[in-house]
Amino acid sequence: MSIAQGNLATLNARIAFLEQGVVTADFVPQDDDEFKTALGSWEWRIFSGALYKITTKGDDDADDIPDIAVPFRPNEPQQQLLANLNERNIILKARQMGFSTLIEIMALDHALFNKDQEVVVIAHTKEAATKLYRKKVCFAYDNLPAVVREAVPYTERTQTQMVFTNGSSIEVTSSARGGTPHFLHISEMGKIAAKYPDKAMEITSGSLQGVPKTGLVFIESTAEGKAGAFYDMSQRAEAKHKAKVLLQPTDYRFHFFAWWMDSGYRINPEGIRISAKEHEYFDKVEIEMDCVLDLDQRAWYINKRDNDFANTPDLMWREYPSTPSECWQASNEGKYYAVAISNARIQQRIGKFPMVKHVPVNTFWDIGATDHTAIWCHQRIGAMDRWTHFYENNNQGYLHFILWLESLGCTWGAHYLPHDGSNAKQGVESVTSPVQQVRETRPTWEWIIVPRIARVQHGIDLVYQEFSHYEFDEEGCKEGIAHLEAYSRGWNNQQQWWSENPRHPSEHNHAADALRQKAQGYTPPNQLPALRNKHRRRATGLTA
């Protein structure tokens, strides 16, 4: 809006107020009485920029950087959401569009200007909840005009909650809860459903059920895979949206916000090469979404993808989707085990699965070419393969890993090394192989070299086939699970296709390669006599 347009809007707002008593977003109060009148307008409070302030810092900036308060005025995507609200709202979005900021401002506003209201915000982690509370809620409240804070002071203020003299409260938490929240915001529900399915179930069966019919619900997130509560709820809401069903207050309205809806996502296209295939992609988006993507927008997308997501285009599709279907596809496409991990969470095979005493523990290793070593600890419990611990480190001697294993205080089975464990390591003057070095450290342990396979993909297929029998201790295997979720095929940016082989180099490969040794080289004890000879014959027949 130009200065002239802004002055005209302010003048019209003044005329509307004087002639009709109407307060709009452009109204500028001239005295205390007019300010009090303006406070009675929800539109003025949210849209004017005169009441609420936010920080210009990004969420990832260091906490010791001073905050700079600027007036909050909804941007274009935020205005679109506000113009199409239902009592229940599902928001599938691209990153950095400010929806958490908007909803926290609305949450605080609801608590301040309505009596006896319970406002609850649920985030996916304790750290995220703390940041939302401190950087959004507390910052906005502390920067309110003094007259407003004096009119509605808090009677209690903790690390996670404010209680006001009007009987209302606002709480930010990472735990699913009961109660009867009148305003409920669930932030990053996709992450909650993917990583904490039990919590997602408690939210859907508890927190959401406690919201009264006239209450407000906002569930917003980026996509996190084709499974879980957020995916299911989004699919149902989108289906009703496409069918143009007349929504009831208890129905969820589907809101999708693509990257191209933000007018700031554009750059000068000079020097940025956009291939014919990439233009074809943008043309398809225009047809599907009934939009126009100009050259500046297309250049921004290509520049962002090539600079930040060159080897992981699936993350680009998830973080900056162009269409609703693309963001779901992006979450798992190219990743070997993402679906299997998601299913394991849904089936509660990731959780508390501690090491069982007196059951032998096997270990499966990957020894990298640059002294990077990863180890999985495994027990056979009935028909299940239980993964109890994962450990990874680099630039450490083998004794370091042996001592870590011994600190677990367990009964040992066998220790499986990859086929290259029998070779001397590159860059090391000693001609002894890794397996020889390890055996010298603990000669009484049983060390087994896993036979080499012809193609890595074959080993990955073997893992996938038996993944339904895997259970992971979430605490002991946290880092390893994260690596498995991110383990991905390589991507050819020019040809726009996935490679047959894993992306290389990648920090996630070591954990995946170590796990693969189990599928390639381990035989359950009850099957060992019948399969041992067959296994040996197959191993000697491989050529690669």
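On a predicted model such as this, the values are computed, not experimentally measured, just so you know.

Here's the deal with the overall build of the chain
Part 1: The number of helices and strands found in the chain is 21 helices and 19 strands.
Part 2: Within the chain, the fraction of its 544 residues that count as buried is 50%.
Part 3: By sequence separation, contacts in the chain at least 24 residues apart represent 68% of the contacts at least 6 residues apart.

A few points about the packing of helix 5 (residues 99-112) against helix 6 (residues 126-142)
Part 1: Across the interface, helix 5 lies against helix 6 with an axial gap of 10 Å and an inter-helix angle of 50 degrees. With respect to each other, helix 5 and helix 6 are oriented oblique. Where helix 5 crosses over helix 6, the handedness of that crossing is right-handed. Within the contact between the two elements, helix 5 uses S100, T101, E104, I105, L108 and L112 and helix 6 uses L132, K136, V137, A140 and Y141.
Part 2: Of the residues that constitute the contact of helix 5 with helix 6, the class distribution is seven nonpolar, two polar and two charged.

Overview of unusual backbone geometry
Peptide bonds are mostly trans, and most non-glycine residues show a negative phi.
Part 1: The backbone of D290 sits at a positive phi, close to 55 degrees, despite the residue not being glycine.
Part 2: Considering the arrangement of structural elements, one finds D290 in the loop between helix 11 (276-289) and helix 12 (295-308).
Part 3: Classification of D290 by relative accessible area gives exposed; the value is 73%.

A few points about the nonpolar core
Part 1: One finds Y52, F164, M189, L208, I219 and W259 to be the most contacted residues of the largest nonpolar core, which totals 89 residues.
Part 2: Among the elements that make up this core, the one with the highest residue count is helix 5 (nine residues).
Part 3: When neighbours within four sequence positions are excluded, L208 is seen to be in contact with L184, I186, I203, V217, I219, M233 and Y252.
Part 4: In terms of nonpolar packing, the next biggest core, distinct from the first, is built from 30 residues, A374, W376, F390 and V463 among them.

Section: helix 4 (residues 76-83)
Part 1: If you check which residues of helix 4 are buried, you get P77, Q78, L81 and L82. Down the axis of helix 4, the smallest arc covering the buried residues is 140 degrees, so these residues share one side.
Part 2: In this structure, the buried residues of helix 4 make contact with helix 3 (42-47), strand 3 (88-93), helix 5 and strand 10 (252-257).

Some thoughts on the confidence of the model for the chain
Part 1: Model confidence for the chain is summarised by a mean pLDDT of 85, while 86% of its residues fall at 70 or above.
Part 2: Element-level pLDDT for the chain is lowest in helix 21 (residues 528-540), with a mean of 39, against a maximum mean of 97 in strand 17 (residues 470-473).
Part 3: When the criterion is pLDDT under 50, residues 424-430 qualifies, and its contacts beyond four places in sequence or with other chains add up to 11 contacts.

Things to note about the environment of Y320
Part 1: For Y320, the location among the structural elements is in the loop between helix 13 (313-319) and helix 14 (324-332).
Part 2: On the basis of relative accessibility, which here comes to 6%, the residue Y320 falls in the buried class.
Part 3: Taking the C-alpha atoms as reference, Y320 lies 9.6 Å from K304; in sequence the two are 16 residues apart.
Part 4: With residues up to four places along the chain from it excluded, the contact list for Y320 reads A94, R95, Q96, W259, Y265, W300, Y301, K304, F309, L315 and E326.

Some details on helix 15 (residues 338-346)
Part 1: Looking only at helix 15, the buried set comprises A338, A340, I341, S342, A344 and R345.
Part 2: Trailing helix 15 by a residue or two, Q348 shows a phi angle of about 60 degrees, which is positive.

A word on the sheet that holds strand 14 (residues 384-394)
Part 1: Judged by pairing direction, the sheet is mixed, and its seven strands sit side by side in the order 11-17-14-13-12-15-16 without closing on themselves. Across the chains shown, the open sheet's two edge strands, defined by having one partner strand only, are strand 11 (350-351) and strand 16 (446-449).
Part 2: The pairing of strand 12 (residues 361-367) with strand 13 (residues 372-381) spans six bridges and is antiparallel. Across the sheet, residue T363 finds its bridge partner in strand 13, namely C377.

Overview of the pattern of salt bridges
Part 1: All told, the structure shown has 24 salt bridges when counted by the stated rule.
Part 2: In this structure, E220 and K93 form a salt bridge, with 3.5 Å as the shortest nitrogen-oxygen distance. Residue E220 is located in strand 9 (residues 216-221), and its partner K93 is located in strand 3; the two are separated by 127 residues in the primary sequence. An identical accessibility class is assigned to E220 and K93; each is buried.
Part 3: Notably, a salt bridge pairs K242 with E238, separated by 3.5 Å at the nearest N-O pair. Of the two residues, K242 and E238 both sit in helix 10 (residues 229-242), four residues apart, roughly one turn of that helix.
Part 4: A single network of salt bridges, built from pairs that share partners, joins K93, E188, K191 and E220.

About the criteria used
- Residues numbered from 1 in each chain as written.
- Predicted model: local features only at pLDDT ≥ 70, side-chain atom pairs only at ≥ 80, totals over all residues.
- Heavy atoms only, no water.
- Helix = DSSP H or I, 4+ residues; strand = E, 2+ residues; numbered from the N terminus.
- Buried < 20%, exposed > 50% of the residue type's maximum accessible area, 1.4 Å probe, protein only.
- Contact = heavy atoms within 4.5 Å.
- Axes fitted to C-alpha atoms, helices over the stretch in contact; angles between N-to-C directions.
- Parallel < 35°, antiparallel > 145°, perpendicular 65-115°, else oblique.
- Left-handed = near helix turned anticlockwise from the far one by under 90°.
- Nonpolar A, V, L, I, M, F, W, Y, C, P; charged D, E, K, R; others polar.
- Core = buried A, V, L, I, M, F, W, Y, C linked by side-chain atoms within 4.5 Å.
- Arc of directions from axis to C-beta.
- pLDDT = per-residue confidence, 0-100.
- Pairing = 2+ DSSP bridges.
- Salt bridge = Lys/Arg side-chain N within 4 Å of Asp/Glu carboxyl O.

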